[in-house]
Amino acid sequence: MSKYKVERILNIPVDVMTMEDVKQDLVSNEAVGDKLTLTSVNPQIVLMAEENDTVKTFIENSTHRIADGIGLVKVSGWTKGDIKERVTGFDLMQEVLSYADEHHKNVFLYGSKPEVVAQAAKNIETDYPELNLVGWIDGYTKLSDKEIVQRMNEKEADIVFVALGSPRQEEWLSRNMDQLTATIFQTIGGCLDVLSGATKRAPDIFIKLNLEWLYRSVSNPKRLYRIFQLPVFVAKSLSWHRKNGKH
Ligand code: UDP
């Protein structure tokens, strides 16, 4: 369970916290060894969680629910909430990797296409030479959940990144987290595509203007529908807030 102030957006919990908070938690959890689940919440995920109980329960039970979308920050502002900044899953992953590097942790990657995860693994090893990249499995593998879990445990993974897209990554962790001996988990969507160089991050100007989502939606026809989800998300969230009052 989260220790932060929780803000409910369309009844999905998001934590009011900064990147600095998460960084501190990674270190202070070291002695305790609790399982930390870092998960992104964005407008698409909120709309999906409304219909998908497994995803909703996974988010409810996660320890760190980051506001990974400017839509969430805006809705929070319009409803006089406290979420002031966006924490992107990509930036958070970099922080987790830096933590792993500094503390020589064992890292396992699961998800994305075979060539993407292999290249991302290589790039991570180059950029974070002090962490141990103990294994990776692509997201189209024929291995069973049991075999994947066994591999992660055999390799003594401390940190598992799951890159299967939503809702697969949340569903996979819901089914398997209890059997895993790792203590830090992050759902990372398409981060390995960016880390491998297969997908470019939006140009800086789009990132600065908080329009990275727009750039990614228009540059990938498969994601174009997401633009139309945004007004639906805003309308539903504001209406939910009107009916349910304060956060
Ligand atoms: N992915 C996967 N297995 C699947 C479907 C998707 O490993 O069965 C990977 C995909 O290769 C990509 C990541 O999940 O690296 C995110 O996929 P997508 O863009 O569909 O998800 P989103 O970015 O919308 O969360």
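Our subject is the structure that appears above.
Thresholds, definitions, all that
- Residues numbered from 1 in each chain as written.
- Predicted model: local features only at pLDDT ≥ 70, side-chain atom pairs only at ≥ 80, totals over all residues.
- Heavy atoms only, no water.
- Axes fitted to C-alpha atoms, helices over the stretch in contact; angles between N-to-C directions.
- Helix = DSSP H or I, 4+ residues; strand = E, 2+ residues; numbered from the N terminus.
- Parallel < 35°, antiparallel > 145°, perpendicular 65-115°, else oblique.
- Contact = heavy atoms within 4.5 Å.
- Nonpolar A, V, L, I, M, F, W, Y, C, P; charged D, E, K, R; others polar.
- Core = buried A, V, L, I, M, F, W, Y, C linked by side-chain atoms within 4.5 Å.
- Buried < 20%, exposed > 50% of the residue type's maximum accessible area, 1.4 Å probe, protein only.
- Pairing = 2+ DSSP bridges.
- Near = heavy atom within 4 Å.
- Polar contact = N/O pair within 3.5 Å; in protein donor to acceptor, adjacent residues only side chain to side chain.
- Areas by Shrake-Rupley, 256 points an atom, 1.4 Å probe, with all protein chains shown as cover.
- Arc of directions from axis to C-beta.
- Salt bridge = Lys/Arg side-chain N within 4 Å of Asp/Glu carboxyl O.

Turning to the packing of helix H7 (residues 145-154) against helix H8 (residues 168-176), a few remarks are in order. In the contact formed by H7 and H8, the axes pass within 11 Å of each other and the chain directions differ by 75 degrees. Relative to H8, H7 is oriented roughly perpendicular. Facing Asp145, Ile148, Val149 and Met152 of H7, the residues of H8 in contact are Trp172, Arg175 and Asn176. Here the contact of H7 with H8 is composed, by residue class, of four nonpolar, one polar and two charged.

Now for the nonpolar core. Counting residues in hydrophobic clusters, the biggest one holds 37 residues, and the most contacted among them are Ile59, Leu72, Tyr110, Met152, Val160, Trp172 and Phe233. Here Ile59 is in contact with Ile12, Pro13, Val41, Ile45, Ala49 and Arg65, once residues within four sequence places are set aside. Membership of the second largest hydrophobic core comes to 34 residues, among which are Met17, Met19, Val116 and Leu133.

Attention now moves to the sheet that holds strand E7 (residues 159-163). Spatially, E4-E3-E8-E7-E5-E6 is the arrangement adopted by the six strands of the open sheet, whose pairing is parallel. The two strands at the open ends of the sheet, each matched to only one other strand, are strand E4 (64-67) and strand E6 (132-137). Recorded for the sheet is a direction-independent mean angle of 15 degrees between the axes of neighbouring strands. Direction of pairing for strand E3 (residues 36-41) relative to strand E8 (residues 184-187): parallel, over a ladder of three bridges. Bridge pairing in E8 places Leu38 opposite Gln186. H8 contacts E3, strand E5 (106-111), E7 and E8 of the sheet and is inclined by roughly 140 degrees relative to E7.

Once that is clear, we can look at the site of the ligand. Among the 15 residues in the neighbourhood of the ligand, the closest are listed as Ser112, Gly139, Tyr140, Asp193 and Arg226. A distance of 3.4 Å separates an oxygen atom of the ligand from a polar atom in the side chain of Arg168. Considered on its own, the ligand offers 530 Å² of accessible surface; in the complex 76% of this is hidden by protein. Within the shell around the ligand, the residues separate by chemical class into three nonpolar, seven polar and five charged.

So, on to the environment of Gln229. Structurally, Gln229 is set in helix H12 (residues 225-244). Between the C-alpha atoms of Gln229 and Gly189, which are 40 residues apart in sequence, the distance is 18 Å. Apart from residues no more than four positions distant in its own chain, Gln229 is found in contact with Gln44 and Leu47.

As for its position among the elements, Ser196 is in the loop between helix H9 (191-195) and helix H10 (204-208). Here Ser196 falls in the buried class, since its relative accessible area comes to 13%. At 3.0 Å, the side chain of Ser196 forms a polar contact with the backbone oxygen of Asp193. What Ser196 contacts, discounting residues up to four positions off in sequence, is Val116, Gln119, Ala120 and Asn123.

What follows concerns H7. Restricting attention to buried positions, one finds in H7 the residues Ile148, Val149 and Met152. Viewed end-on, H7 has its buried residues packed into an arc of 95 degrees, placing them on one side of the element. When the buried face of H7 is taken as reference, the exposed residues oriented beyond 90 degrees from it are Lys146 and Glu154. Each element contacted by the buried residues of H7 is listed here: E5, E6, E7 and H8.

Attention now goes to the environment of Gln179. Relative to the assigned elements, Gln179 resides in the loop between H8 and E8. For Gln179, a relative accessible area of 44% puts it in the partly exposed group. Considering only alpha carbons, one finds Gln179 and Asn153, 26 residues apart in sequence, at a separation of 8.7 Å. Once you skip the residues sitting within four places of it in the chain, Gln179 turns out to touch Val149 and Asn153.

Tallying each qualifying case throughout the model produces 14 salt bridges. Put simply, Arg65 and Asp15 hold a salt bridge, and the shortest N to O gap is 2.6 Å. Taken together, the residues span a long stretch of sequence, with Arg65 in strand E4 and Asp15 in strand E2 (residues 12-15) at a distance of 50 residues. Asp15 sits in the buried class, given a relative accessible area of 2%.

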